Amino acid sequence: MHEEGTKKFALAGSRAHYAPSLAFTVSHMRLEIEPDLEARTIQARQELEITAVQGVDAIELDAAELDIKSVSAGGKKLAFRAIGDRLAIKLAKKLGEGERMMLAISYSARPRRGLYFVGPDKHYPDKYPEVWSQGESVEAKHWFPCIDHPQVKFSSEITITAPEGYTALSNGRLTKTEKGRKWKFHWAESNPHPSYLTSMVMGKYVEINEGNLYYYVPPEKAHDAKRSFDRTGDMVQFFEEYLGTKYPYAKYSQVCVQDFVYGGMENSSCTTLTLDTLHDKKAHADFSSDYLVSHELAHQWFGDLVTCRDWQHVWLNEGFATYCEALYWEVSRGMDEFHYYVMQTADDYFDEAGSRYVRPIVTKVYKHPDELFDRHTYEKGGSVLHMLRHHVGEGHFRRSLKTYLQRFANGVAETDDLRKVFELETGVSLQQFFDQWIYREGHPDLKVEFSSDSKMAKIKIEQAQQGEPFAFALEVRLAFARGDKIYTFNVSEKESAFQIPIDKEVEWFSVDPEFKVLKTVAIKAPKEMLVRQLQEGKTVIERVEAARALKDHSADAVVDALQKTVMNDFWGVAAEAAKTLGAIRTGRAYEALGRCIKVRHPKARRAVVKAIGEFKREETIELLKPYSHDESYFVESEVMTAIGRTRSSNAMPILKKGVETTSFQNIVAQGAIAGLKEFPDDKEIATLLVEKTRYGNHHRVREAATFALGKFTDSHAAVEQLKTLLSDSWFRVRINACRALADAEYVRAIPDLARVAEQDLDHRVRRVAEECINMIKEATKKPKEVAQMREEMDRMKAKSLEMMQKVDRLEKGLR
């Protein structure tokens, strides 16, 4: 059950944010820019076409930490003044309503945000010189003057001067390349785009071209590119057909860069992706870039062609991109994969709602717009669109999306714009739907009880969440010896009871077999019915719900049924059955998991290994040791963690070897570090982990080791290192240092965390630091003497800390 209202999204100091009033707008930008890769600076000259909405005699632009050299219009210099993150310009004469002017600005900068330089140093000699932009949400102003808000969209011409042999990428078409002592790349984008979707990337890449699709990767990774990008053309074709709207731009490029701060960024016509998504053949067995690639591609329609008018409506960008992932999963992988994908998407949201906070999808109260890029915007947004699709029907859903995209093409939209389009196309009143699922926090938490006799089936449904009940249609399937039937009930009260006349015995029943309602559900039914549902459920959703409901039953027949499911069912159901066996914790369940370890699908096998780790048995080491050299990196990683959970000295040599193992994303080393966390009293391990956090190690290893140090705060060296890491150059390490101190409930770190919350350049880090301070303060107030209560508190804390770490979509490819 989610604890609605116990944790608030809005932190102290949050305020209401509104879209700014505009006395003028920017309709076109011409930018000439030359990055200096060694000095990590830029020299630039910009021309902005300004259109007056009202009569204006002064212009104010967003410009952060830019050294403005001159401002002119029509060849005449203008007076200007930089105030904070604003550039105030006094016009020579008043610009009348509707009139236009060209404003020229020359400037230089050493950007700390918005534009990022990467290159080799003594710790990372293999890194190569590169620069890339990242404007979302409000960082574009750190590399060019603009109105840094999504409602202002403009066409652009960007010329990038690069060293000889380098490639420079930007929005739109490459209109000209000049090659001499320096190379110049001229890009033009006629479609208007907001500042945050303006892109510049420069480095040495191999170009792979398929028509108007371009992929750019470092030369040494060229052989891995096909695994990540080979479905892109198929995705474009699918989205064009499903949305009834052609791909909006002249080209689509994807470039993989070092040290990217997200999984990907959907800059108009030119997506930037993390290098971490490129993977080898072994990783491809159970890792896919399709999640990320389809998400960023879908943004070319949702977010780029049609942009949210204000950040409070950012779910119109991210919720749609998230659900488009699922839509592509449905057409490319089939209904089983789609249904499980939908469930996993909802689970991600439920995790955040249950452990971190709940909020309405649309909210204008926050400190910084970066805070809105969470599981409510992405996963709940996507889940609500799944509901809306079923609510209005497939045909109406697709027709409404087409109208929405065409009506607001090259413009901006708000949530009510989407609602009105759907109402126009479907004739369905949707105000209640949007009020409940978009503008209200939380979701239904259902307690379902089933009973029957020879004449009547009875279903009791309680909405256990705090606050008012939700109103929705709920489908229930009753299955008989021959055939089944689906009944639909309108649920709108806190407690509802429904009776169904029957003339034959109900074999099993299921609630919401296609997951048409975003809700958590606990089912009270005889275990025999749940076992039959597990074995006979028609949808993956039904079988997964049965597997989850069986965690409270430990009878031999239940264990045997779960074992059979692990070995024979779709991998998602198999993984859920394995998880339930891990929760049952009986000797028979452990033996069943031991027999399941040979299950073929690597994702199911990974779940089996994780479930075995739940038992924390010494014999687990010998059981799992053969799988420390599995055909899947992810199974190997889980083996390391499970062996560590035995807390046996015999685990130590295996884990130390695992920490030094190189693999895709160093996932095996990460698993070994998670295993070493189980030895908090071992000073040698503390020393090893401190070393692994140091600059020069792979960033994934550093991140894992940093969080693991939270278990070693009895070590003075570990504590001091965590405090040092709070100011590390890599933002994920800073986040994990905050998380580690919160995990340790280290009260003396509060002043250090407060400095991070107030001063860190990255607002995502600030948010995590503040939440961690609150977590530490709350922990000091809670009783520690009740073991069961403490265990539950620790579980919730661990889940909350896990959600703080998931700051981009890349992790989705790992599950």
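Please read all numbers here as calculations on a predicted model, not as lab measurements.

A.B. asks: In this structure, what is going on with the overall build of the protein? I would like to understand it.
C.D. replies: Along the backbone of the protein there are 26 helices and 31 strands. For the protein, the C-alpha radius of gyration of 28 Å lies close to 28 Å, the compact-globule estimate for 815 residues. Counting only residues that meet the buried cut, the protein has 62% of its 815 residues in that class. Surface accessibility of the protein: about 31,900 Å² in total, with carbon and sulfur atoms responsible for 47%.

A.B. asks: I keep staring at helix α10 (residues 527-536) and nothing clicks. Help me out?
C.D. replies: An α-helical turn contains 3.6 residues, so a residue and the one three or four places further along point in the same direction. Looking only at α10, the buried set comprises Met529, Leu530, Val531, Gln533 and Leu534. Check the buried side of α10 and you find it contacts β25 (445-452), β30 (506-511), β31 (520-524), α11 (540-549), α12 (556-568) and α13 (571-584).

A.B. asks: For this particular structure, what's the right way to read the nonpolar core?
C.D. replies: In this structure, Leu103, Ile105, Phe239, Tyr404, Leu478 and Phe509 are the most contacted members of the largest nonpolar core, which totals 273 residues. By residue number, the principal contributor to this core is helix α4 (residues 315-333), which donates 10 residues. Contacts of Phe239, omitting those with residues within four sequence positions, involve Gly244, Thr245, Ser294, Leu297, Ala298, Trp301, Cys324 and Tyr328.

A.B. asks: Quick question: what am I supposed to make of the sheet that holds strand β29 (residues 495-501) here?
C.D. replies: Strands in a sheet are paired, the pairing made by backbone hydrogen bonds, and the direction either parallel or antiparallel. One open sheet accounts for 4 strands, arranged β29-β26-β25-β31; its pairing is mixed. Of all the strands in the sheet, just β29 and β31 have a single pairing partner and so form its edges. Strand after strand, the sheet turns through a mean of 20 degrees between neighbouring axes, direction not considered. Where β25 meets strand β26 (residues 456-463), 7 bridges bridge the pair, whose relative direction is antiparallel. Residue pairing across strands places Lys447 opposite Glu462, the latter belonging to β26.

A.B. asks: When you look at the environment of Ala19 in this model, what are you seeing that I'm missing?
C.D. replies: Topologically, Ala19 is positioned in the loop between β1 (15-16) and β2 (24-36). Between the C-alpha atoms of Ala19 and Thr661, which are 642 residues apart in sequence, the distance is 50 Å. The residues touching Ala19, leaving out its near neighbours within four places in the chain, are His149, Gln151, Arg309 and Asp310.

A.B. asks: How should I be thinking about the sheet that holds strand β13 (residues 167-170) in this particular structure?
C.D. replies: The strand order across the open sheet formed by 4 strands is β10-β11-β16-β13, and the pairing between neighbours is antiparallel. The open sheet has two edge strands with one neighbour each: β10 (115-118) and β13. Here the average twist between neighbouring strands, direction ignored, is 15 degrees.

A.B. asks: Just checking my understanding: could you explain the pairing of strand β8 (residues 86-95) for this structure?
C.D. replies: Looking down a regular strand, the side chains alternate between one sheet face and the other. Across 6 bridges, strand β4 (residues 56-62) lies against β8 in antiparallel orientation. The partner of Val56 across the bridge, within β8, is Leu95. Where strand β7 (residues 79-83) and β8 come together, 5 bridges link them in antiparallel fashion. Counted as the bridge partner of Ala82 is Leu87 from β8. What sits between the antiparallel neighbours β7 and β8 is a turn of 2 residues, in which Gly84 has the positive phi angle 60 degrees.

Calculation rules
Residues numbered from 1 in each chain as written. Predicted model: local features only at pLDDT ≥ 70, side-chain atom pairs only at ≥ 80, totals over all residues. Heavy atoms only, no water. Helix = DSSP H or I, 4+ residues; strand = E, 2+ residues; numbered from the N terminus. Rg over C-alpha atoms; globule rule 2.2 N^0.38 Å. Buried < 20%, exposed > 50% of the residue type's maximum accessible area, 1.4 Å probe, protein only. Areas by Shrake-Rupley, 256 points an atom, 1.4 Å probe, with all protein chains shown as cover. Contact = heavy atoms within 4.5 Å. Core = buried A, V, L, I, M, F, W, Y, C linked by side-chain atoms within 4.5 Å. Pairing = 2+ DSSP bridges. Axes fitted to C-alpha atoms, helices over the stretch in contact; angles between N-to-C directions.

Nothing here speaks to function; it is all geometry.
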